[in-house]
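Each chain, written out:
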Amino acid sequence: MPMYKTIRPYLFKFDPENMHTVAEKLLMLAQAMPLVLENMVNRFCFFDERLRQNILGLNFYNPTGLAAGFDKNATMIKGLSSLGFGFIEIGTITPKPQDGNPKPRIFRFVEENSIQNAMGFNNDGAKVISRRFARIYPFILPLGVNIGKNKITEQEKVLFDYKKLVSSFRGLGDYFTINLSSPNTPNLRDLQNEEFVKVLMQELRKQTDKPIFLKISPDMSIDYMLDVCECAINNGANGIIATNTTIDYSLLKNAKDFGGISGEALKKKSREIFQILSENLFGKTILISVGGINDGDEAYERIKLGASLVQVYSGMIFEGPSIIKDINQIILNRLEEDGFKSISEAIGKGLR
Ligand SMILES: Cc1cc2nc3c(=O)[nH]c(=O)nc-3n(C[C@H](O)[C@H](O)[C@H](O)COP(=O)(O)O)c2cc1C
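Please read these numbers as outputs of a predicted model, since none were measured by experiment. (Residues numbered from 1 in each chain as written. Predicted model: local features only at pLDDT ≥ 70, side-chain atom pairs only at ≥ 80, totals over all residues. Heavy atoms only, no water.)

## Regarding the site of the ligand
Inference 1: Around the ligand, a shell composed of 23 residues is seen, among which Ala68, Thr92, Gly263, Gly292 and Ser314 lie nearest.
Inference 2: Note that an oxygen atom of the ligand is positioned 2.9 Å from one of the side-chain N or O atoms of Lys72.
Inference 3: At 2.8 Å from an oxygen atom of the ligand is found a side-chain nitrogen or oxygen belonging to Lys215.
Inference 4: In isolation the ligand exposes 610 Å². Once the protein is present, 98% of that is buried. (Near = heavy atom within 4 Å. Polar contact = N/O pair within 3.5 Å; in protein donor to acceptor, adjacent residues only side chain to side chain. Areas by Shrake-Rupley, 256 points an atom, 1.4 Å probe, with all protein chains shown as cover.)

Set out below in structure tokens:
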């Protein structure tokens, strides 16, 4: 979007979290104005039958979704849907409301097209968000609910947090994402172990028929990661979302020594991990790729590597809202060039 690139230097003069709040307010304002929304749909949404998929009983009109963390409180769903996303994941939501870590906690690295964040699951809590969400659900797009533990919850009581979250959203949302992979909640990533994942998936499976995805960190050793993912799938998870942000600070010049890195600096690592995951699990489960996807070619590459769906966060900050339409247009061009009749034919075709 040339206009976005023109105004971007001014937008980037402001603190990232304040800019996020401004974007939220603007989207909320737009939601109250049907004509504005209609204009946004005309400008940003991209429709083509060849991008459509039914996955786990859900209809995705395009494969490009909004990753968790942008709409933590489910306040912008309608506005975001008018930007052309094929699905939206809200959260991470914790049982009780919490403020998150001290500010500043989002940092832009403009030259590197990357972000570092240490938000720490700031959100309004399950009670308020589920009520807000109930006013909009069911929705025209699949909506995911990303859930995580409260910071103060002791490790022995974590299972109860996740069970409480799933029951708070009973009858709401199209899928759940279990977040054990944020680097900004102390000890959360320690829960990415077979013992806990097995019990967690078995318990949540008893509670809900909705698809459950496990969102993983890119910082586990490969064998360990594969064991954890296989364990999740064998105990009821419907798929894996790879990956969350990384704490490999060597990937970004001048990185802070806290928080998680996303965007361009994460791209290669996230893609490599996704490929290995897919080489081992493609066909056995649904795979969703996220991390450094900032254009249609990268999205298409992940699809060829086995991603049924992709998600974007940082790319939208650097490229602007038209990135979704651009990604979907390029995916379609590449499908045509490769002679595929629909996106489903392309998924996994780049795997050895
Ligand atoms: C500011 C910010 C906040 C985020 N918050 C969450 C979150 O609450 N839950 C979650 O699962 N992922 C969260 N993420 C991670 C993204 O969902 C995504 O996995 C990661 O940023 C990699 O994708 P990207 O390179 O397209 O940004 C956050 C990312 C950013 C930049």
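## A closer look at the packing of aromatic side chains
For any pair of aromatic rings, the description consists of the separation of the ring centres together with the inter-plane angle of the planes.
Inference 1: Tallying each qualifying case throughout the model produces nine aromatic pairs.
Inference 2: Seen in terms of ring centroids, Phe60 and Phe87 are 5.3 Å apart; in terms of plane orientation they differ by 85 degrees. Their pairing is edge-to-face. Note that Phe60 is positioned in strand 2 (residues 58–60) and Phe87 in strand 4 (residues 87–93), a separation of 27 residues in sequence. The pair Phe60 / Phe87 is uniform in exposure class, with both members buried.
Inference 3: Between Phe107 and Phe258 the ring centres are 5.9 Å apart and the planes differ by 80 degrees, which places this aromatic pair in the edge-to-face class. Residue Phe107 is found in strand 5 (residues 106–109), and its partner Phe258 is found in the loop between strand 10 (239–242) and strand 11 (260–263); the two are separated by 151 residues along the sequence.
Inference 4: Residue class for Phe107 comes out buried when judged on its relative accessible area of 16%.
Inference 5: An aromatic cluster is defined as three or more aromatic residues linked by ring pairs; in this entry it consists of Phe60, Phe87, Tyr175 and Phe213.
Inference 6: Sitting above the plane of the Phe107 ring, Lys256 keeps its charged end 4.6 Å from the centroid. (Phe/Tyr/Trp six-rings, centres within 6.5 Å; stacked < 30°, edge-to-face > 60°. Helix = DSSP H or I, 4+ residues; strand = E, 2+ residues; numbered from the N terminus. Buried < 20%, exposed > 50% of the residue type's maximum accessible area, 1.4 Å probe, protein only. Lys NZ or Arg CZ within 6 Å of the ring centre and 35° of its normal.)

## Describing unusual backbone geometry
Inference 1: With omega at 20 degrees, the peptide bond leading from Gly91 into Thr92 counts as cis.
Inference 2: Inspection of the secondary structure assignment puts Thr92 in strand 4.
Inference 3: Here Lys103 and Pro104 are connected by a cis peptide whose omega angle stands at -5 degrees.
Inference 4: On the secondary structure map, Pro104 appears in the loop between strand 4 and strand 5.
Inference 5: Notably, Leu56 is not glycine yet its phi reads approximately 50 degrees, a positive angle.
Inference 6: Considering the arrangement of structural elements, one finds Leu56 in the loop between strand 1 (53–55) and strand 2.
Inference 7: Even without being glycine, Asn113 reaches a positive phi, approximately 50 degrees.

## Comments concerning the sheet that holds strand 5
Inference 1: Across the sheet, which stays open at both edges, the three strands sit in the order 5-6-11 with antiparallel pairing between neighbours. Of all strands in the sheet, those bounded by a partner on one side alone are strand 5 and strand 11. Sheet twist, expressed as the mean angle between neighbouring strand axes with direction ignored, is 25 degrees.
Inference 2: Examined bridge by bridge, strand 6 (residues 114–117) and strand 11 share four bridges and lie antiparallel to one another. By the bridge assignment, Ser114 is partnered in strand 11 with Gly263.
Inference 3: Sitting on the sheet, helix 9 (residues 264–281) is in contact with strand 6 and strand 11, with an inclination near 90 degrees to strand 11. (Pairing = 2+ DSSP bridges. Axes fitted to C-alpha atoms, helices over the stretch in contact; angles between N-to-C directions. Contact = heavy atoms within 4.5 Å.)

## What about the pairing of strand 13 (residues 309–312)?
Inference 1: The alternating pattern of strand 13 places Leu309 and Gln311 and Val310 and Val312 on opposite faces, both of which are buried.
Inference 2: Sheet topology note: the strand 12 (residues 286–290)/strand 13 ladder contains three bridges and is parallel. Directly across from Ser289, in strand 13, lies its bridge partner Val310.
Inference 3: In this region the chain leaves strand 12, passes through helix 10 (residues 296–304) and returns to the parallel neighbour strand 13; the handedness of that crossover is right-handed. (Right-handed = clockwise from strand over helix to strand, strands pointing away.)

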